[in-house]
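# Geometric and topological summary
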Amino acid sequence: MEVSNDLFEEIIEGSTRILVPKKSLTEKAPPIKPAFFNPKARTNRDFSIIAYAAFLKKFEGPKIFLEGLTGVGARGLRVANELKIESVIINDLNPTALEMARHSANLNNLKNIEFSEKEACVFLSEHSRKGKRGTLVDIDPFGSPAEFFDCGIRATVHGGMLSTAATDLQVLNGLFQGACKRKYGGIPVRVEYRNEMAIRLILGSLRTVAARLGVKIIPMFVESEMHYYRTYVKIINHVDQEENLGYIIHCKNCGHRKTSLEQKHECDLCKLKTSIAGPLWIGKIFDKEYVKNMIEELPNLKIKKSCEKTLYKCLEESEMPEMFFTLDEIAKKMKSSPPKLEKIISKLKENGFVSSVTSFNPTGFRTNANIDEIMKIF
Ligand SMILES: C[S@@+](CC[C@H](N)C(=O)[O-])C[C@H]1O[C@@H](n2cnc3c(N)ncnc32)[C@H](O)[C@@H]1O
Ligand SMILES: [Zn+2]
């Protein structure tokens, strides 16, 4: 490939050299042409590197990474270069993006990477046979990943991990309820903890598709930022017999919230009409041991310092109750300025409740106290 210095630039992310379109570094929204690269997604690629490193460490069997929608190859190149992995196959529909990825592979002297120029589902379906499946499979499209859930799950080996990203935030956050129902099979409600609800809608949809295929998902790690929601689930070839699909029952009047296997139309606390989100995933969203393993990998990896702080929060919240509260929410109800986060957490603990910070929101906290009990304490 002819690399023109006017159009392309070489950057280093992690410890990997990556050729990217110059414009993607200067324009507010990275252009799709000649190929897509989002420098702001560095943090989420860092988290992938940590998540995959922890996973590969414990995985026994062939170690293969399949990336359905690779763009200029940033994630796949980093996996091939920074992790101990036998084979990486990266795929994209855009031939220019793949040419750039090939160029970057040479820059890093990579011998463990292959390239594929196919529609993502065709690519993943070709890897759905036994012996061809990926240990790690990633789906990172523009917008919703839902159309790739089926082929993504089929392409993941028993005991392997499927990671997905969603950027259709408005749909998942409740602005277009009909679109969310169509894409993910569940309805969102507009709430303060909308990012957790969105992740639960994605996991619920994944769970439904997995169940249809006779396999189950185990959420290991989830991550959200302003522009995306990411989920990392283990795929197990057994029928899921646990009741982990249900609803979030949220009362917009008093702020009470809970998960339930059934729809409940009356608030337990104030008896007014509730809003109901779902069906969605109501089980655990973090695997504590796995998050610990991710933290243990940090010293071995070249990633942003901020990831560590987030991971410690994930560890703290990994076994805490669902649906966090925010300080603003409490302050609004109390018609006062927000209390300090550490103070509210320690007060809740003093009063016999469990409580922790959350990685989902810098002013969020988890607790098993209900809204009335939280207010009483303050
Ligand atoms: C969000 S970008 C991927 C970014 C990349 N994973 C990263 O971490 O930098 C989405 C990519 O999907 C490609 N694409 C879109 N639809 C596709 C499809 N149906 N099959 C394969 N690739 C597709 C686009 O060309 C684009 O490069
Ligand atoms: Zn209520």
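## Describing the site of ligand 1
With respect to spatial proximity, 17 residues lie near ligand 1, and among them Leu69, Asp92, Glu119, Ala120 and Asp140 are the closest. At 2.7 Å from a nitrogen atom of ligand 1 is found a side-chain nitrogen or oxygen belonging to glutamate 119. Between ligand 1 and aspartate 140, the relevant distance is 2.7 Å, taken from a nitrogen atom to a side-chain nitrogen or oxygen of the residue. In isolation ligand 1 exposes 600 Å². Once the protein is present, 88% of that is buried.

## Brief notes about the packing of aromatic side chains
In this description, a pair of aromatic rings is defined by centroid distance and the angle of the planes. Per the stated rule, a full pass over the model turns up 11 aromatic pairs. By way of ring pairs, the aromatic residues Phe47, Tyr52, Phe65, Phe221, Tyr232 and Phe286 are connected into one cluster.

## Considering the domain arrangement of the chain
Taken as a whole, the chain is organised into domain 1 (8-248) and domain 2 (324-378). The C-alpha centroid of domain 2 is placed 34 Å from the C-alpha centroid of domain 1. Of the residues lining the interface, 7 residues belong to domain 1; the matching set on domain 2 comes to 5 residues. For the pairing of domain 1 and domain 2, the buried interface totals around 620 Å² over both sides, and the portion due to carbon and sulfur atoms is 52%.

## Considering the coordination of the zinc ion (ligand 2)
Looking at the zinc ion (ligand 2), the protein donor atoms are Cys251 (SG), Cys254 (SG), Cys267 (SG) and Cys270 (SG), and they sit 2.3 Å from it. One can describe the donor arrangement at the zinc ion (ligand 2) as tetrahedral, given that its 4 donor atoms subtend angles of 101 to 120 degrees at the metal.

## Points about the sheet that holds strand E15 (residues 364-367)
The 3 strands lie next to each other as E13-E15-E14, forming an open sheet whose pairing is antiparallel. Edge positions in the sheet fall to strand E13 (325-326) and strand E14 (355-357), since each has one partner strand and no second.

## Here we look at helix H9 (residues 194-212)
Over its 19 residues, H9 extends 27 Å from the first C-alpha to the last, a length consistent with the 27 Å expected when each residue adds 1.5 Å. Taking burial as the measure, the 19 residues of H9 include 15 buried ones, the bulk of the element. Directly after H9, the chain includes glycine 214, whose backbone phi takes a positive value near 80 degrees.

## Thoughts on the side chain of aspartate 168
Relative to the elements of secondary structure, aspartate 168 occurs in the loop between strand E7 (156-166) and helix H7 (169-172). Those residues in contact with aspartate 168, other than ones at most four positions away along the chain, are Gly143, Ser144 and Tyr184.

Thresholds applied
Residues numbered from 1 in each chain as written. Chains lettered and ligands numbered in written order. Predicted model: local features only at pLDDT ≥ 70, side-chain atom pairs only at ≥ 80, totals over all residues. Heavy atoms only, no water. Near = heavy atom within 4 Å. Polar contact = N/O pair within 3.5 Å; in protein donor to acceptor, adjacent residues only side chain to side chain. Areas by Shrake-Rupley, 256 points an atom, 1.4 Å probe, with all protein chains shown as cover. Phe/Tyr/Trp six-rings, centres within 6.5 Å; stacked < 30°, edge-to-face > 60°. Domains from an automatic or database assignment. Contact = heavy atoms within 4.5 Å. Buried area = accessible area lost by both parts, 1.4 Å probe. Donors = N, O, S within 2.8 Å, 3.2 Å for Na, K, Ca; no water. Tetrahedral: all angles 85-135°; square planar, octahedral: opposite > 155°, others 65-115°. Pairing = 2+ DSSP bridges. Helix = DSSP H or I, 4+ residues; strand = E, 2+ residues; numbered from the N terminus. Expected span 1.5 Å × (residues − 1). Buried < 20%, exposed > 50% of the residue type's maximum accessible area, 1.4 Å probe, protein only.

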